[in-house]
Amino acid sequence: EATEVADALKALEIKIAAKAGAGDKLFGSVCNIDVAEALEKEGHSIDKKFITVATIKRTGKYNAVIRLHRSVTVDLPFEVIAQAN
C-alpha cells in the first residue's frame, strides 16, 4: 500500500503559492505544514510530522522527503510560486 501511495505522490505536480516580495523573497516561509496542506488538496492525507523539508524563504523548485513507512520514503519535488494578488 505504501508503495502505491509513493507512486501516486511521484505523479503529482505540487505548486505552493506564497506571498512574495522583491527578488522572489517570501513574506514568511514555506514548511512541512504547507506541503501537507498541498497534498491534502490533492487527496493525500499525510501528517506533517512525516514530511521533511528545509525552511524555504524564496520562490523556486524544492524537494520534500515524505516517510510513508519505516522502509518507504518518497522524494517529492514541488515548486513555490508567488501568490497572485
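On a predicted model such as this, the values are computed, not experimentally measured, just so you know. (Residues numbered from 1 in each chain as written. Predicted model: local features only at pLDDT ≥ 70, side-chain atom pairs only at ≥ 80, totals over all residues. Heavy atoms only, no water.)

Asks: What's the story with the overall build of the protein in this structure? I'm lost.
Replies: Across its full length, the protein carries 2 helices and 6 strands. Starting at the N terminus and ending at the C terminus, the protein contains elements arranged as α-β-β-α-β-β-β-β. Relative to the 2.2 N^0.38 estimate, which gives 12 Å for 85 residues, the radius of gyration of the protein is 13 Å and therefore close to what a compact globule would have. Surface summary for the protein: the accessible area is close to 5,600 Å², and the carbon and sulfur share equals 47%. Put simply, the protein has 12 plus and 12 minus side-chain charges, and the middle of one group is 8 Å from the middle of the other. (Helix = DSSP H or I, 4+ residues; strand = E, 2+ residues; numbered from the N terminus. Rg over C-alpha atoms; globule rule 2.2 N^0.38 Å. Areas by Shrake-Rupley, 256 points an atom, 1.4 Å probe, with all protein chains shown as cover. Lys, Arg positive; Asp, Glu negative; His and termini not counted. Charge placed at Lys NZ, Arg CZ, Asp CG, Glu CD.)

Asks: Would you explain the pairing of strand S6 (residues 72–82) in this entry?
Replies: Across a regular strand the side chains alternate sides, sitting on one face of the sheet and then on the other. Sheet topology note: the strand S1 (residues 14–18)/S6 ladder contains 5 bridges and is parallel. From the neighbouring strand, Lys-15 faces S6, where its bridge partner is Glu-79. (Pairing = 2+ DSSP bridges.)

Asks: I'm lost on the pattern of salt bridges in this one. Help?
Replies: Think of it this way: side chains of opposite charge can pair up when their charged atoms draw near. Taken as a whole and judged by the stated rule, the model has 1 salt bridge. Here Lys-15 and Glu-79 are joined by a salt bridge, their closest N and O atoms 3.0 Å apart. In this pair, Lys-15 is assigned in strand S1 and Glu-79 in strand S6, connecting sequence segments 64 residues apart. (Salt bridge = Lys/Arg side-chain N within 4 Å of Asp/Glu carboxyl O.)

Everything listed here is a matter of geometry and, on its own, says nothing about what the molecule does.
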